[in-house]
Amino acid sequence: MKELVLGGARSGKSQFAEDQARATGKQLIYIATGGAGDDEMAQRIALHQRSRGDQWTLIEEPVKLAEAISSVDCKDKAIVIDCLTLWLTNCLMQDVFEEEKNAFLEVLPTLNSDIFIVSNEVGSGIVPLGALSRQFVDQSGWLHQSLAKICDRVNLIVAGLPLNLKGA
Amino acid sequence: MKELVLGGARSGKSQFAEDQARATGKQLIYIATGGAGDDEMAQRIALHQRSRGDQWTLIEEPVKLAEAISSVDCKDKAIVIDCLTLWLTNCLMQDVFEEEKNAFLEVLPTLNSDIFIVSNEVGSGIVPLGALSRQFVDQSGWLHQSLAKICDRVNLIVAGLPLNLKGA
Amino acid sequence: MKELVLGGARSGKSQFAEDQARATGKQLIYIATGGAGDDEMAQRIALHQRSRGDQWTLIEEPVKLAEAISSVDCKDKAIVIDCLTLWLTNCLMQDVFEEEKNAFLEVLPTLNSDIFIVSNEVGSGIVPLGALSRQFVDQSGWLHQSLAKICDRVNLIVAGLPLNLKGA
């Protein structure tokens, strides 16, 4: 089972993904794509970790997502990837997005783990002015479309509650 | 009955909440949290008042929402709170959000009025750059999650039409 | 049949509208409201054209939408208007939005073509600071509400998938 969990900032999407991963009864893996770049970010990460509890194995991987997810440690587990948006940002900044995206989209359907992919829905505000922000919104939207085709289930989370888009 | 009515700017969320309040057949109370700080805002408020008609008792309360809603005037009525976003902004600016939020979340389930809480869905665009804006988006999202748990019904309004999230 | 197809940037809304237009079996018309103002925009337009294929008759009309859509060429066809957001921007910049909007809303219900109207959902992020951006968000939201009343069907597209708001 692969699921795409979309939602705005503080929509409860991570919590929703974690609850579903727990419900599988499988061993739990948490792939964090964000590094603690500054104090505010470090606080957010610590807050997330406290609310998750310690039944999770944490893997930190900002860029090589395809490699991480197809490693032997991730076989037949329940995996939360949190979040795709930071991974996209990291890949764009290191100019490796095309190859990393292709690798991820290629390996994803071949895996037998239950995978819950958390990502920010960023396209529903005013189109941002900078060319870089626009590129980010573009790549994010196209990536979500590609993943929605691959995934068995897609939910949009609003105020902690799911709007089902695919595979109820 | 408590309902959370979410929606973007000009999504028709206020109209939707007012229509539902009217349908209860109870006496109508309108709690406005926004003051007329400038000409543009004054125009928006006047426009809202004209479209509502005059069967409504207006209470203006920018900050002490828990106090207003639990007053004797609000007992057994149909109440629209419009909107939570301005109240959140006012509370953050006066540095009283924690206590006002806790008071509101505590008193809300104890009231026997039908309460329709209108709030902006602000988290679905690009994450804003300023720490203050991010704090606002965070608090707004967490507040919506807390309220969604308390409320019997939650709707997201898009183009004047509801997407039902809870309690159809 | 008239349908309003809303969605954020890169949500797959154009593709969704085109697929539905094709499914009618009628002759296909594509009304493009955006001009190639700069290189980035020209690239986007070229990309859209390639993905559409060449069964479409292209009409480019940045402002006079009511006139274009009620012309003899558009009679009893399947028409995609892509997108309303650029048309709104063009009309606001030329200060002709009130009359063009009224003309469009008046003529739309009288037409016998199947019309798929693509528009950006821009109101779900932080309220922008500039008065012009706010006016744009306001007009966009009110326009969507007016159109949603006229249209037989309304869908919000997220990650290429529809959330049905009206007329499933």
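Here the structure is a predicted model, which means the values were calculated and not measured.

Novice: Help me out: how do you make sense of the nonpolar core in this one?
Specialist: Generally speaking, nonpolar side chains in soluble globular proteins are found buried as a group. Residues A:Phe104, B:Phe104 and C:Phe104 are the most contacted members of the largest nonpolar core, which totals 120 residues. Beyond its immediate sequence surroundings of up to four residues, B:Phe104 is in contact with B:Leu65, B:Ala66, B:Ile69, B:Ile81, B:Leu84, B:Trp87, B:Ile117 and B:Leu147.

Novice: Explain the packing of aromatic side chains here, please?
Specialist: Here the distance between the centres and the angle between the planes together describe a pair of aromatic rings. Tallied over the full model, the rule gives nine aromatic pairs over all chains. Site record: aromatic cluster; members linked through ring pairs are A:Trp87, A:Phe97 and A:Phe104.

Novice: In this structure, what is going on with helix α4 (residues 84–93) of chain C? I would like to understand it.
Specialist: Residues and elements named next belong to chain C. Three or more residues of α4 are buried, namely Leu-84, Thr-85, Trp-87, Leu-88, Asn-90 and Cys-91. The secondary structure elements touched by the buried residues of α4 are α3 (65–69), β4 (78–82), α5 (97–107), β5 (114–120) and α6 (131–150). Just beyond α4, the residue with positive phi is Asp-95, at close to 55 degrees.

Novice: Looking at this structure, I do not really get helix α1 (residues 13–23) of chain B. What am I missing?
Specialist: In an α-helix there are 3.6 residues to a turn, and that puts residues three or four apart on one side. Of all the positions in α1(B), only B:Lys13, B:Ser14, B:Phe16, B:Ala17, B:Glu18, B:Gln20 and B:Ala21 are classed as buried. Once α1(B) finishes, B:Gly25 follows within two positions and takes phi at roughly 80 degrees, a positive value.

Novice: Help me out: how do you make sense of the sheet that holds strand β7 (residues 161–166) of chain B in this one?
Specialist: Sheet strands line up and pair through hydrogen bonds in the backbone, either parallel or antiparallel. Residues and elements named next belong to chain B. Judged by pairing direction, the sheet is mixed, and its seven strands sit side by side in the order β3-β2-β4-β5-β1-β6-β7 without closing on themselves. Of all the strands in the sheet, just β3 (56–60) and β7 have a single pairing partner and so form its edges. The average angle at which neighbouring strand axes cross in this sheet is 20 degrees, direction not considered. Of the strand pairs in this sheet, strand β1 (residues 2–7) and strand β6 (residues 153–158) are connected by five bridges, and their pairing is parallel. Counted as the bridge partner of Val-5 is Asn-155 from β6.

Novice: Help me understand the sheet that holds strand β3 (residues 56–60) of chain C in this model?
Specialist: All names here are of chain C. Taken together, seven strands build an open sheet; the order of strands is β3-β2-β4-β5-β1-β6-β7 and the sheet is mixed. Looking along the sheet, the strands with just one partner apiece sit at the ends: β3 and β7 (161–166). Strand-to-strand twist across the sheet, computed as the mean angle between neighbouring axes with direction ignored, equals 20 degrees. Note that strand β1 (residues 2–7) and β5 share six bridges and pair parallel. Across the sheet, Val-5 pairs through a bridge with Val-118, a residue of β5.

Novice: Any chance you could explain the pairing of β7(B) here in plain terms?
Specialist: Regular strands show a simple pattern: their side chains alternate between the two faces of the sheet. Residue and element names in this part refer to chain B. The pairing of β6 with β7 spans five bridges and is classified as antiparallel. Bridge pairing in β7 places Ile-157 opposite Pro-162. If you look at the hairpin formed by β6 and β7, you'll find two residues sitting between the two strands, and Ala-159 has a positive phi there, around 55 degrees.

Novice: Sorry if this is basic, but what is going on with the environment of C:Lys101 here?
Specialist: Residue and element names in this part refer to chain C. Inspection of the secondary structure puts Lys-101 in helix α5. In this structure the C-alpha to C-alpha distance between Lys-101 and Arg-134, which are 33 residues apart in sequence, comes to 18 Å. Apart from residues lying up to four places away in sequence, Lys-101 is in contact with Trp-87 and Leu-143.

Novice: Help me understand the pattern of salt bridges, please; the structure alone is not making it clear to me.
Specialist: Where charged atoms from two side chains of opposite charge come close, those side chains can pair. Summed over the entire model, instances satisfying the criterion amount to 18 salt bridges over all chains. Where B:Arg22 meets B:Asp19, a salt bridge forms, and the shortest distance between an N and an O atom there is 3.2 Å. Here B:Arg22 pairs with B:Asp19, and both are found in helix α1, just three residues apart, close to one helical turn. Accessibility expressed as a relative area gives 28% for B:Arg22, which makes it partly exposed. The salt bridge partner of C:Lys26 is C:Asp76, with a shortest N-O separation of 3.6 Å. With C:Lys26 in the loop between α1 (13–23) and β2 (28–32) and C:Asp76 in the loop between α3 and β4, this residue pair connects regions lying 50 residues apart in the sequence.

Novice: It is not clear to me how the packing of helix α4 (residues 84–93) of chain A against helix α5 (residues 97–107) of chain A should be interpreted in this structure. Could you clarify?
Specialist: When two helices pack together, you describe them by how their axes are tilted relative to each other and by the distance separating the axes. All names here are of chain A. Running from N to C, α4 and α5 point in directions that differ by 140 degrees, and their axes come no closer than 8 Å. Our classification of the angle between α4 and α5 gives oblique. In this structure, α4 contributes Leu-84, Trp-87, Leu-88, Cys-91 and Leu-92 to the contact, and α5 contributes Phe-97, Glu-100, Lys-101 and Phe-104.

Novice: What am I meant to see in unusual backbone geometry here?
Specialist: All names here are of chain A. Going from Asp-82 to Cys-83, the amide bond is cis rather than trans, its omega being -5 degrees. Mapped onto the fold, Cys-83 is located in the loop between β4 (78–82) and α4. Here the phi dihedral of Asp-76 falls at roughly 55 degrees; this positive angle occurs in a residue that is not glycine. On the accessibility criterion, Asp-76 (45% relative accessible area) is partly exposed.

Conventions we followed
- Residues numbered from 1 in each chain as written.
- Chains lettered and ligands numbered in written order.
- Predicted model: local features only at pLDDT ≥ 70, side-chain atom pairs only at ≥ 80, totals over all residues.
- Heavy atoms only, no water.
- Core = buried A, V, L, I, M, F, W, Y, C linked by side-chain atoms within 4.5 Å.
- Buried < 20%, exposed > 50% of the residue type's maximum accessible area, 1.4 Å probe, protein only.
- Contact = heavy atoms within 4.5 Å.
- Phe/Tyr/Trp six-rings, centres within 6.5 Å; stacked < 30°, edge-to-face > 60°.
- Helix = DSSP H or I, 4+ residues; strand = E, 2+ residues; numbered from the N terminus.
- Pairing = 2+ DSSP bridges.
- Axes fitted to C-alpha atoms, helices over the stretch in contact; angles between N-to-C directions.
- Salt bridge = Lys/Arg side-chain N within 4 Å of Asp/Glu carboxyl O.
- Parallel < 35°, antiparallel > 145°, perpendicular 65-115°, else oblique.

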